[in-house]
Amino acid sequence: MDLCISAIILIVILALFFRSFERQKPRPRDIVPIAVMSAIGALGRVLFAAIPSFKPTSAVVIITGIQFGPLAGFLTGALSALASNMFLGQGPWTPWQMVAWGLIGFFAGMFQRKNWFRYRGVLYGFGMLSGILFGWLMNAWYLVGYVNPITWQAIVVSYSASAVMDVTHGLATVIFLFALEKPWGRKLHRLKIKYGIFDGRG
Amino acid sequence: MGVIEVNEYSFTYPASEKVVLNHVSISADMGEFLLLCGKSGCGKTTLLRCMKPEIAPVGSAEGTITRLSAEEVGFVFQNPDNQIVTDTVRHELAFGLENIGMPTGQIRARVAETALFFGIDEWIDKSVHEISGGEKQLLNLAAVIAMQPKILILDEPTSQLDPVARKNFLDMLVRVNRELGITVILSEHRLEEILPLADRVLFMKEGRIVYSGNVSEFAAYIFEEHKEYVKALPAAARIAKQAEIHMSLNPVFTFPMTVREGQEFLMKCDRKATDLLAKSIVPNSSGTGSTAKEEDARESLCLDVRDIWFQYAKQTPFVMKGLNLQIHWGQMHMLLGGNGSGKSTLLGILSKRFFADRGKIKLGKDRKMPRTALLPQNSKAMFSRDTVLEELESGGGTDQRLIRQLHLDALLHQHPYDLSGGEQQRLALAMVLREAPELLLLDEPTKGLDPFLKEELAAYLKEFTARGNTILCVTHDVEFAAEYGEVCSLLFEGEVLSTEKAAVFFRNNLFYTTDQNRILTSYLADN
Amino acid sequence: MYTRKHTIFETLHPALLLAYASGAPILAMLTNHPLFLAISFLAAFCVQTFYSGIRETAKNTLFMLPFVLVVALINLFTNQRGMTILFRAGHYAYTCESLCYGIANGMMLLTVLVWFRSFSAILSNEKFLYLFGRHLPATALLLSMILKLFPETRHKIQSIQFAQGGFSNNPKCGIKERLKHSMRQISSLLEWSMEDSIETADSMKARAYGKAERTSYRSYKMTAKDRRMAAFFAIAFLAVCYSIFGGSGRYTYFPVMRMDHGNILELTVSAVIYLGFLFTPLWMELQLQKGGMRTWESSK
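Nothing here was measured: the structure is a model prediction, and the numbers come from that model. Throughout this document, residue positions are counted from 1 along each chain, in the order its sequence is written. Written order determines the labels here, with chains lettered from A and ligands numbered from 1. Only residues with pLDDT of 70 or above have their local features reported here, since the model is predicted, and side-chain atom pairs are shown and tallied only from 80 upward, although totals for entire chains, interfaces and linings are computed over all residues. Side-chain measures were taken over the full set of non-hydrogen atoms in the model, leaving aside hydrogen atoms and water.

Describing the overall build of chain B
Next up, step 1: Think of it this way: any DSSP run of H or I at least four residues long counts as a helix, any run of E at least two long counts as a strand, and we number them from the N terminus. Of regular secondary structure, chain B possesses 18 helices and 18 strands.
Next up, step 2: Radius of gyration (C-alpha) of chain B: 25 Å, near the 24 Å computed for a compact globule of 527 residues.
Next up, step 3: Projected onto its principal axes, the C-alpha coordinates of chain B cover approximately 70 × 60 × 50 Å.
Next up, step 4: Across the 527 residues of chain B, 56% fall into the buried class.
Next up, step 5: Contacts are assigned to residue pairs with any non-hydrogen atoms lying within 4.5 Å of each other. In chain B, once contacts between residues fewer than 6 apart in sequence are set aside, the share between residues at least 24 apart is 69%. In this treatment the radius of gyration is a C-alpha quantity, and the globule benchmark scales as 2.2 Å times the residue count to the 0.38 power. Think of it in three bands: with a 1.4 Å probe and only protein chains considered, a residue is buried below 20% of the maximum accessible area for its type, exposed above 50%, and partly exposed in between.

See below:
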């Protein structure tokens, strides 16, 4: 039962964001970078196959949020999750992943609007927290559905079971942001100038 | 009254002094096939884009161009992959029709008709990544034609295709032009197959149209005015010109364009003289090497690839099937073969990116392991930094001599992606030459280059081998291999079928040969 | 992976396929009544076998079995309700009911996972995009573009690794060096993909994107047959829900395991309906073989 309610909440969140994207009448310049970033976010891990569970997805989604705005951030996160599940196989976690990554991108965009990322510490803290919160949300999908009643012991057990993974995820995201946020900002800025596109509104 | 008219049109990019288009005037009639040619960077692409308002570059312009709507002008770009938008063939065909708001029933009928016309119906259910590069470009053409444009503009549409796919594409383009009566404006570097198809040629130089007229006189014009562009003309025309010079014929005005026309032209000439001419162009080097030469060959052996088998993963087909190849020091070795014959894989094995499952690679008599470097097919795969200088500095110090030799000194502070295709390739070459390789592996180095850039590259490579270094070059470009290769090998399905001196190689081949050989060898055989 | 294609089931309207593909796991999530769980698991297993073959299905199911155990154990150790005590450790009592409840929840999870395995075989990406695109055309287009970019990006990654392999394939490099190489490769990927995407944007503009309200190529008509099937799905769904929430299909684990209001007839009827619904793809396929002359109908 809880699962149905949570599913409805997730779908409403997704629908709200997708609707506002539709209402914007997006032009090619709005669409294309989201598509590219989603593909890189989902497949970039291939380049880091040598290091286990070292995935750039969150960092790519955060950078998209920063560079192209909250809505683009949300869409990149959500659709990157949906599309990779279309290849790997869907699961009940699909909407949870979509919303979790979507919100990471959205909040990255919002923080950038508020100009909070001018302190590097905030950016790295955001990266770390996003990794951990993502893991928590992912725990939630099966806690809500398959562990009943949800006792505090159950929560502790499952969260501590995933703690190592979540912290690794957060750390990886911080490392990616440390290495990529500035150079990618520069690269994307050059493209914006060269082609006069990709600007949030332009 | 033309379908589209460009009137005294001039164009300058913002923040640039250079006038890219200088009072250009063109008029294309209904159903005409126009060929636009000229050196890279002469303004062809800018001109073509200016004719299509949706993608016209931003800058200051003077003069007028007939304004047509998006549906009326179809545009096919260079790269087959990038212009595909959606994930399935069917949806891609429908994409433009969906955009103009056509009702569903009509879209379906139109898609069906277009698919049948182009023969796409057999693979319409496929996903776009399952089809080949040539099929992708056909799909792009079909997707544009489905919108029923009046004019079709194509910007070097075949530069990324292999020879067979290129011919297929051009055949289809001719059908579009002749059967549907759609006006075609095409820009191209390789004139060999296209010149005979065109109704009119426009030749551009430094932003101006300096020639506009019929095809056969175009050759005469080029021989007269733009000697540097002669290389781009069809072999038939070049041979006719040679004949004119060598045999002091009356000046030729209507040059032959196709292989058949070339043969007919020679037939009409004086037989003895033509014989001499043919022999002078195709050197009759003896294919039988003496024992002394063989001894020599053993001395100069660099790598001896013996019976190599390779597969990318277990239970997948073998890409190399018992391949044998000998590479000699100081030679420019060309490796020809179709798609999927395993050419690039072989380069990967020689550069130790992949390792063979069976077989041996032996060193030559000098037991020297050559330092190896590989220039990838797409230079873009090598770039990751923000300026040319940074790219060059990344692997240790910069070699000033190398930079000057490859004409990179003026570009040092530019971004690698702001360079032209030829410049990007030179940068990539400089990057791989940093390690002072002795064996240089090249993967399709002439893809997308115009004849001048090709010659420039070839000159550099010749100099490189003259210093005792070795080159193994994988290519589809038969003309390039014939002109600059010393030894050629034919690769088919993971096996080397023949390795010969270049001249012998092309004389022996029936189909895998240059037009020049086609014209002359059949002539020689007749006598 | 083998996927059965061209089933008679897929001739139904995509909306019905979606209703089935998402309805089956949703119903599975709603109850942990052992009978319904067994039915749903059996059906999920058979349907996946129907689509992917027995080997694939058995492999997948075995692979997911540990999750069942994890969920069962978490329940056993965190939940102390129930009367039948298995063993005690300190002042905690571990009960049989709690273990069974855990196993039931684990089975439910397994069943849902197995159902989702068949999701894309039941509802192809093409049809998914159609349903998605009816209300969200721009988002569906975006999704389709991402699907197109996936293989292309994979190819670019291979090209980059191949091209830059000469510098970075050195196994002697430390992890820091390797990380640096990989970071540079992903930057190459970004720049290359972005530059290429400019041409994609141009190609969209060149084909009049944004000129008018977009229409859609894809169209599926709701036929009379589809409507009958929709009615069947709706009735089945309601019947099972009624049974689960209001009647015979309730099952209590605590404090002792027992069925509520054991109306056997009602339970049997709803179980049969449930079976009928879940096995739709299979019985439709069987029906195909006895089509024959029945397709000829005299006009009334």
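Comments concerning the overall build of chain A
Next up, step 1: Counting secondary structure elements, chain A contains 7 helices and 0 strands.
Next up, step 2: Going from N to C terminus, chain A has its helices and strands arranged as α-α-α-α-α-α-α.
Next up, step 3: At 17 Å, chain A has a C-alpha radius of gyration in line with the 17 Å of a compact globule built from 202 residues.
Next up, step 4: Looking at chain A residue by residue over its 202 residues, the buried ones come to 61%.
Next up, step 5: Asp and Glu are treated as the negative residues and Lys and Arg as the positive ones, with His and the ends of the chain left uncounted. By convention, the charge on Lys lies at NZ, on Arg at CZ, on Asp at CG and on Glu at CD. The centroid of the 18 positive side-chain charges in chain A is displaced by 10 Å from the centroid of its 6 negative side-chain charges.

Structural notes on the interface of chain B and chain C
Next up, step 1: Listed by partner, the interface residues are 56 residues for chain B and 43 residues for chain C.
Next up, step 2: By convention, the term buried area covers the 1.4 Å-probe accessible surface removed from two parts as they join, with the contributions of both added. In total, about 4,400 Å² of surface goes out of reach between chain B and chain C, with carbon and sulfur atoms giving 55% of it.
Next up, step 3: Considering only the side of chain B, the residues that lose the most area to chain C are Asn82, Asn99 and Arg353 of chain B, jointly responsible for 15% of the buried surface there.
Next up, step 4: By definition here, a salt bridge exists when the distance from a side-chain nitrogen of Lys or Arg to a carboxyl oxygen of Asp or Glu is within 4 Å. Linking chain B to chain C there are 4 salt bridges.
Next up, step 5: Between lysine 211 of chain C and glutamate 54 of chain B there is a salt bridge whose closest N-O contact spans 3.1 Å.

Description of the interface of chain A and chain C
Next up, step 1: Contact residues are listed per partner, giving 67 residues for chain A and 61 residues for chain C.
Next up, step 2: Regarding the contact of chain A and chain C, the summed buried area is about 5,800 Å², with carbon and sulfur atoms giving 78% of it.
Next up, step 3: The shortest N-O distance in the salt bridge between glutamate 191 of chain C and lysine 187 of chain A comes to 3.0 Å.
Next up, step 4: Under the rule applied, a polar contact is a pair of N or O atoms within 3.5 Å (in protein, one hydrogen donor and one hydrogen acceptor; residues adjacent in sequence only if both atoms are side-chain atoms). Between chain A and chain C we count 7 residue pairs in polar contact (both at pLDDT 80 or more) in total.
Next up, step 5: At the level of elements, α1 (2–23), α2 (28–43), α4 (70–88), α6 (120–146) and α7 (152–195) of chain A are the ones that each hand at least two residues to the side of chain A that touches chain C.

Examining the packing of helix α9 (residues 224–246) of chain C against helix α10 (residues 264–278) of chain C
All names here are of chain C.
Next up, step 1: Every axis in this analysis is a line fitted to C-alpha atoms, fitted for helices over the stretch in contact. Angles between the N-to-C directions lie between 0 and 180 degrees. Here α9 crosses α10 at 140°, and the two axes come no closer than 9 Å. As summarised for this structure, α9 and α10 are arranged oblique, according to the angle between their axes. Considering only the axes of α9 and α10, their crossing is left-handed. In this structure, α9 uses Phe232, Phe233, Ala236, Ala239, Val240, Tyr242 and Ser243 to contact α10, whose residues at the interface are Glu266, Ser270, Ile273, Tyr274, Gly276 and Phe277.
Next up, step 2: Here the residues of the contact of α9 with α10 sort into 9 nonpolar, 3 polar and 1 charged. These descriptions rest on fixed angle ranges, namely under 35 degrees for roughly parallel, over 145 for roughly antiparallel, 65 to 115 for roughly perpendicular, and the rest for oblique. For any pair of crossing helices, the crossing counts as left-handed if the nearer helix is rotated counterclockwise from the farther one by less than a right angle, and right-handed if it is rotated clockwise. Residues were grouped as follows: Ala, Val, Leu, Ile, Met, Phe, Trp, Tyr, Cys and Pro as nonpolar; Asp, Glu, Lys and Arg as charged; and all remaining residues, including Gly, as polar.

Focus: the pattern of salt bridges
Next up, step 1: Following the criterion strictly, the structure yields 40 salt bridges over all chains and no others.
Next up, step 2: Arginine 190 of chain B serves as the salt-bridge partner of aspartate 477 of chain B, at 3.0 Å between the closest nitrogen and oxygen. With aspartate 477 of chain B in the loop between β16 (470–475) and α16 (478–484) and arginine 190 of chain B in the loop between β7 (183–187) and β8 (200–205), this residue pair connects regions lying 287 residues apart in the sequence.
Next up, step 3: Judged by its relative accessible area of 4%, aspartate 477 of chain B falls in the buried class.
Next up, step 4: Residues participating in the shared-partner salt-bridge network are Arg186, Lys187 and Arg190 of chain A, Asp386 and Asp418 of chain B together with Glu191 and Glu195 of chain C.

Digging into helix α1 (residues 14–30) of chain C
Next up, step 1: Here a helix's expected span is defined as the number of its residues, less one, multiplied by 1.5 Å. Here α1 of chain C is 17 residues long and its end C-alpha atoms lie 24 Å apart, about the 24 Å a rise of 1.5 Å per residue gives.
Next up, step 2: If you check which residues of α1 of chain C are buried, you get Pro14, Leu16, Leu17, Tyr20, Ala21, Gly23, Ala24, Pro25, Leu27, Ala28, Met29 and Leu30 of chain C.

A word on the sheet that holds strand β10 (residues 301–310) of chain B
One key point about sheets: their strands pair by backbone hydrogen bonds, in either a parallel or an antiparallel sense.
All names here are of chain B.
Next up, step 1: Note on pairing: two strands pair once DSSP finds at least 2 bridges between them. Taking strand neighbours across the sheet as the criterion, the 3 strands line up as β11-β10-β13 in an open arrangement whose pairing is antiparallel. Lying at the two open borders of the sheet, with one neighbouring strand each, are β11 (320–328) and β13 (358–363). The average angle at which neighbouring strand axes cross in this sheet is 5°, direction not considered.
Next up, step 2: In the sheet, β10 pairs with β11 via 7 bridges, with the strands oriented antiparallel. Each residue of the ladder has a partner; that of tryptophan 309, found in β11, is lysine 321.
Next up, step 3: Sitting on the sheet, helix α11 (residues 343–350) is in contact with β10, β11 and β13, with an inclination near 65° to β11.

Looking at the sheet that holds strand β2 (residues 19–28) of chain B
Residue and element names in this part refer to chain B.
Next up, step 1: The strand order β2-β1-β4 describes an open sheet built from 3 strands, whose pairing is antiparallel. What marks the edges here is a single partner per strand, and that holds for β2 and β4 (60–65). Each neighbouring strand pair of the sheet contributes to a mean axis angle of 5°, computed without reference to strand direction.

Structural notes on the packing of aromatic side chains
Residues and elements named next belong to chain C.
Next up, step 1: Two aromatic rings, drawn from Phe, Tyr or Trp (for Trp, its six-membered ring), form a pair once their centres lie within 6.5 Å of each other, and the interplanar angle then sorts them: stacked below 30 degrees, edge-to-face above 60, tilted otherwise. Under the definition given, this model contains 48 aromatic pairs over all chains.
Next up, step 2: Relative to tyrosine 274, the ring of phenylalanine 36 has its centre 5.5 Å away and its plane inclined at 70°; by these criteria the two rings are edge-to-face. Separated by 238 residues along the polypeptide, phenylalanine 36 in helix α2 (residues 34–52) and tyrosine 274 in helix α10 bring together distant segments of the chain. Comparing phenylalanine 36 with tyrosine 274, the two get one shared label, buried.

A short note on the confidence of the model for chain A
Residue and element names in this part refer to chain A.
Next up, step 1: The pLDDT averaged across chain A works out to 87; a share of 93% of its residues lies at or above 70.
Next up, step 2: Of all helices and strands in chain A, the one with the weakest mean pLDDT is α6 (86), whereas helix α3 (residues 57–68) scores best (95).
Next up, step 3: Note that residues 198–202 has pLDDT below 50 and, in this model, 14 contacts with residues that lie over four places away or in other chains. How sure the predictor is of each residue is captured by pLDDT, a score from 0 to 100.

Observations concerning helix α8 (residues 259–268) of chain B
All names here are of chain B.
Next up, step 1: The set of residues buried in α8 consists of Gly262, Phe265 and Leu266. Mapping the buried residues of α8 onto a view down its axis gives an arc of 95°, with all of them on the same face. In α8, the exposed residues that point more than 90 degrees away from the buried face are Arg260 and Lys268. What the arc measures is the spread of directions leading from the helix axis to the C-beta atoms.

Some details on the environment of serine 216 of chain B
Residue and element names in this part refer to chain B.
Next up, step 1: As for its placement among the helices and strands, serine 216 is situated in helix α6 (residues 215–225).
Next up, step 2: Spatially, the C-alpha atoms of serine 216 and phenylalanine 255 are 5.4 Å apart, while their sequence positions differ by 39 residues.
Next up, step 3: Among residues more than four places away in sequence, those in contact with serine 216 are Phe253, Thr254, Phe255 and Met257.

Things to note about the pairing of strand β6 (residues 151–155) of chain B
All names here are of chain B.
Next up, step 1: Burial of β6 is extensive: 5 of the 5 residues sit out of reach of the surface.
Next up, step 2: The alternating pattern of β6 places Ile151, Ile153 and Asp155 on one face and Leu152 and Leu154 on the opposite face, and all of these are buried.
Next up, step 3: Pairing of strand β5 (residues 73–76) with β6, which is carried by 4 bridges, proceeds in the parallel orientation. Note on β6: the bridge partner recorded for glycine 74 is leucine 152.
Next up, step 4: Bridge count between β6 and β7: 5 bridges; the pairing is parallel. Across the sheet, the residue bridging to leucine 154 is leucine 186, located in β7.
Next up, step 5: When the strands point away from the viewer and the connection leading from the first strand across the helix to the second strand turns clockwise, the crossover is called right-handed. In terms of handedness, the path from β6 via helix α5 (residues 163–180) over to β7 forms a crossover that is right-handed.

Focus: the state of the cysteines
All names here are of chain C.
Next up, step 1: In what follows, a disulfide is any cysteine sulfur pair within 2.5 Å. Scanning all chains against the criterion turns up 0 disulfides over all chains.
Next up, step 2: Residue cysteine 100 stays outside any disulfide, its sulfur separated by 4.0 Å from that of cysteine 96, the closest cysteine.
Next up, step 3: Among the residues examined, cysteine 100 registers a relative accessible area of 24% and is labelled partly exposed.

Describing a nonpolar patch on the surface
Residues and elements named next belong to chain C.
Next up, step 1: Within the patch definition used here, like charges are joined within 9 Å and nonpolar side chains (Val, Leu, Ile, Met, Phe, Trp, Tyr) within 5 Å, considering only residues with over 30% relative accessible area and no salt bridge. Accessible surface area values rest on a Shrake-Rupley calculation with a 1.4 Å probe, where residue burial reflects the displayed protein chains alone. On the surface, a nonpolar cluster with roughly 370 Å² of combined accessible area is contributed by Leu73, Phe77, Leu86 and Phe87.
Next up, step 2: Put simply, the parts of the chain that give the nonpolar patch at least two residues each are α3 (54–78) and β1 (85–89).
Next up, step 3: Within the fold, phenylalanine 87 resides in strand β1.

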